[in-house]
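# Architecture at a glance
The chain contents come next:
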Amino acid sequence: MRAHDDAALARGREELAAAGVDASDTDPTALLAVAGRSPELDLALVERLGGSPSAAHAAALAEIASGAERRGWKAVAKASRRARYRFAQRGIAVAEAAPPAPTSSIVRRVAGPALEARLSPIDGRGDRLVWLVRPQREGGLLVLTAVLNEPAGLRDVAIAELSRKALRRMEQDLETRHGLRMVGAAAGYADALVAEGFTRARAAGIPGVGEYPTYRARLLTSEPESLAPPLIARVVDLAAAPLADATRRGPALLDERELASWLLERETVTPFAREIAAARESPLLLSRPQQEERVTGIVSRALRELFGGTAGDAYRRRLEEMAYYLHATGRRELALAAVATAQALAASTRGGEGIPFFEELARRSFGMVMAEDAERAKVEAESSVLVRPGAPQPAARRPPPRGR
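Along each chain, residue indices are assigned from 1 in the same order as the chain's sequence is written. Per-residue local features are limited, in this predicted model, to residues with pLDDT of at least 70; the limit for side-chain atom pairs, both in listing and counting, is 80 or more; totals at the level of whole chains, interfaces and linings are taken over all residues. Only hydrogens and water are set aside when side-chain values are computed; all heavy atoms of the structure are taken into account.

What counts as a helix is a DSSP run of H or I of at least four residues, what counts as a strand is a run of E of at least two, and both are numbered from the N terminus. Across its full length, the protein holds 14 helices and five strands. Only protein chains enter the accessibility calculation, which uses a 1.4 Å probe; a residue is then buried when its area is under 20% of its type maximum, exposed when over 50%, and partly exposed in between. Split into buried and exposed, the 404 residues of the protein put 44% on the buried side. Whether two residues are in contact is decided by their heavy atoms, any of which lying within 4.5 Å being enough. Put simply, of all contacts in the protein between residues at least 6 apart along the chain, 66% involve residues at least 24 apart. Computed with a 1.4 Å probe, the accessible areas rest on the Shrake-Rupley method; for each residue, only the protein chains presented here act as cover. Total accessible area computed for the protein in this model is approximately 21900 Å², and 53% of it derives from carbon and sulfur atoms.

Structure below.
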């Protein structure tokens, strides 16, 4: 399989998980219920069905192939033929795909639940991309792109008509140039995310998003769905998941590329970092144990203030959303660590104090700012133009002799 086919299959697996289909589900009826949404998803369905040889699975493969022929999804039809050929070699009766209707009678229609969605990870500022995609009857796609911030809400929104090839090119460009990978998600949930973000932005008076209701009306006429439960809870049975110990793995989240920018901003950290530096620079006033006790108190206060109240609510939602993203990209253990950390924060009365993820986030953030400050002080001392009394001065350099 060529590289772009591998990438398409990977996206299809993500869409299949986002549709709520369990990774072990091979029931033809359940799989056919989500067929026709995109060529990538149908490739994943063919892979799943092709792994369980039976007459029922052969019939489902034939049905997917028939739909793929009507839509012009050649790669899906070809994959289905290969799977049914392997079935036939094992003596399994193989149904033939229904021939496509004559060209003159084809009416281009959207098959199944037409709306599709893509989500990006959330960066350190709380920003993420959301795409809502609807195939059009006359061909092409109508694509709404939104930038959401947690907690500010909708920051930017636009709508455009694109070909599917152009949309894939956009997606590949984001990943190649910016390391930003989009994953498939339940379209109703993604639509509700944008709608709720617009409500918050309008309440806060954020400009530039007033066209959103008009744009959405071109995609949907129904009311937005509820955001409860979180998307991760729709694809993972949290009641049965081993969350009790997952919180301890929280610090490992910060080693993932998508969370590398989650370090606290300098202006947020600086007041606490200065207090820590002052405590450690007072050997005449405080003993070493007293210094460390004071530092511990400063860090505890920072954890309560920075990750409690409304700030804590924002971090809880970010972690829940990232839990889904990590699960969709095949990192189940880290997804459980993220959702367990979110639940621990929701239950906490002391902000991030005592929660490993937030303690590590604070440690790295404080360490970065204090190291930068120390390096800046060192550079300033070395480049000082002040002449200290008694300090040896560098010998004056004599100019080189001129040539005769």
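So much for the structure itself; the text now carries on.
Moving on to helix α11 (residues 288–306). Taking 1.5 Å per residue as the helical rise, α11 with its 19 residues ought to reach 27 Å, and the 27 Å between its terminal C-alpha atoms agrees with that figure. Within α11, the full set of buried residues consists of Q291, V295, I298, S300, A302, L303 and L306. Any helix carries an expected span of 1.5 Å times its number of residues minus one.

Here we come to the packing of α11 against helix α14 (residues 356–382). Viewed as axis vectors pointing N to C, α11 and α14 meet at an angle of 115 degrees, and their least axial separation amounts to 11 Å. The element α11 and its partner α14 pack so that their crossing is right-handed. Of the residues in α14, those in contact with V299, A302 and L303 of α11 are F358, E359, A362 and F366. Along the lines of polarity and charge, the residues of the contact of α11 with α14 split into six nonpolar, no polar and one charged. Whenever a helix is involved, its axis is fitted only over the stretch in contact; in every case the axis is a line through C-alpha atoms, and angles between N-to-C directions fall within 0 to 180 degrees. Each crossing gets its handedness from the near helix: less than a right angle anticlockwise from the far helix is left-handed, clockwise is right-handed. Only Asp, Glu, Lys and Arg are considered charged in this grouping, and only Ala, Val, Leu, Ile, Met, Phe, Trp, Tyr, Cys and Pro are considered nonpolar; every other residue, Gly among them, is considered polar.

Looking now at the side chain of S38. Along the chain, the position of S38 falls in the loop between α2 (28–32) and α3 (39–50). Look at S38 and you get buried, because its relative accessible area is 0%. Here E15 takes part through its side chain, which lies 2.7 Å from a polar atom of the side chain of S38. Two N or O atoms form a polar contact when they lie within 3.5 Å of each other; inside protein one atom must be a possible hydrogen donor and the other a possible acceptor, and for residues adjacent in sequence the pair counts only when both atoms belong to side chains.

This next bit is on the nonpolar core. A general tendency of soluble globular proteins is for nonpolar side chains to be buried together. We define the nonpolar core as a collection of buried residues of types Ala, Val, Leu, Ile, Met, Phe, Trp, Tyr and Cys that are connected through side-chain atoms lying within 4.5 Å of one another. Counting 74 residues, the largest nonpolar core has L119, L154, W262, F307, Y324, F357 and F358 as its most contacted members. Setting aside its immediate chain neighbours within four residues, L154 contacts A146, V147, L148, V194, G197, F198, A201, I206, V209 and Y212.

Before going further, it helps to spend a moment on the sheet that holds strand β2 (residues 127–135). Between any two strands, pairing holds if DSSP finds at least two bridges. Spatially, five strands are ordered β4-β3-β2-β1-β5 in an open sheet, and the strand pairing comes out antiparallel. The open sheet terminates on both sides in strands that have one partner only, identified here as β4 (153–162) and β5 (183–184). The pairing of strand β3 (residues 141–149) with β4 spans nine bridges and is antiparallel. Across the sheet, residue L142 finds its bridge partner in β4, namely E161. In the packing of helix α6 (residues 164–178) onto the sheet, the strands contacted are β1 (116–119), β2, β3 and β4, and the crossing angle to β2 comes to about 165 degrees.

Before going further, it helps to spend a moment on the pattern of salt bridges. Salt bridges are defined by distance alone: a side-chain nitrogen of Lys or Arg within 4 Å of a carboxyl oxygen of Asp or Glu. Counted by the stated rule, this structure contains 33 salt bridges. For R331, the salt bridge is made with E256, and the minimal N-O distance between the two is 2.8 Å. Here R331 is found in the loop between α12 (309–328) and α13 (332–347), whereas its partner E256 is found in the loop between α9 (231–235) and α10 (266–280), with 75 residues between them in sequence. The shortest N-O distance in the salt bridge between E353 and R304 comes to 3.2 Å. Residue E353 is found in the loop between α13 and α14, and its partner R304 is found in helix α11; the two are separated by 49 residues along the sequence.

Turning to helix α5 (residues 74–89), a few remarks are in order. Along its 16 residues, α5 runs 23 Å from first to last C-alpha, staying within 8% of the 22 Å computed at 1.5 Å per residue. Where α5 is buried, its residues touch α3 and α4 (55–71).

Another point: unusual backbone geometry. Residue P151 is bonded to the preceding E150 through a cis peptide linkage, with omega at 25 degrees. If you trace the backbone, P151 turns up in the loop between β3 and β4. With an omega of -5 degrees, the peptide bond between A228 and P229 qualifies as cis. Mapped onto the secondary structure, P229 falls in the loop between α8 (212–219) and α9.

Below, the discussion takes up the environment of R125. Within the secondary structure, R125 is located in the loop between β1 and β2. Counting along the chain gives 25 residues from R125 to E150, while the straight-line C-alpha distance between them is 8.0 Å. Those residues within four positions of R125 in sequence are excluded, and the remaining contacts are N149, E150, E265 and R318.

On to the packing of aromatic side chains, then. Each pair of aromatic rings taken from Phe, Tyr and Trp, with Trp reduced to its six-membered ring, is defined by centres within 6.5 Å and is described as stacked if the planes are under 30 degrees apart, edge-to-face if over 60, and tilted in the remaining cases. Summed over the entire model, instances satisfying the criterion amount to eight aromatic pairs. Between W262 and Y315 the ring centres are 6.3 Å apart and the planes differ by 65 degrees, which places this aromatic pair in the edge-to-face class. Of the two residues, W262 sits in the loop between α9 and α10 while Y315 sits in helix α12, which places them 53 residues apart along the sequence. On the basis of relative accessible area, W262 is assigned to the buried category, the value being 1%. Using a relative accessible area of 10% as the deciding quantity, one classes Y315 as buried. With centroids separated by 6.2 Å and ring planes inclined at 80 degrees, the aromatic side chains of W262 and F357 adopt a geometry described as edge-to-face. With W262 in the loop between α9 and α10 and F357 in helix α14, the pair connects residues that are 95 residues apart, well separated along the chain. A single burial state applies to W262 and to F357, both of which are buried. Through successive ring pairs, a cluster of aromatic residues spans W262, F307, Y315, F357 and F358. Criterion for a charge above a ring: Arg CZ or Lys NZ at most 6 Å from the ring centre, at most 35 degrees from the ring normal. Sitting over the ring of Y315, R318 keeps its end group 5.0 Å from the ring centre.

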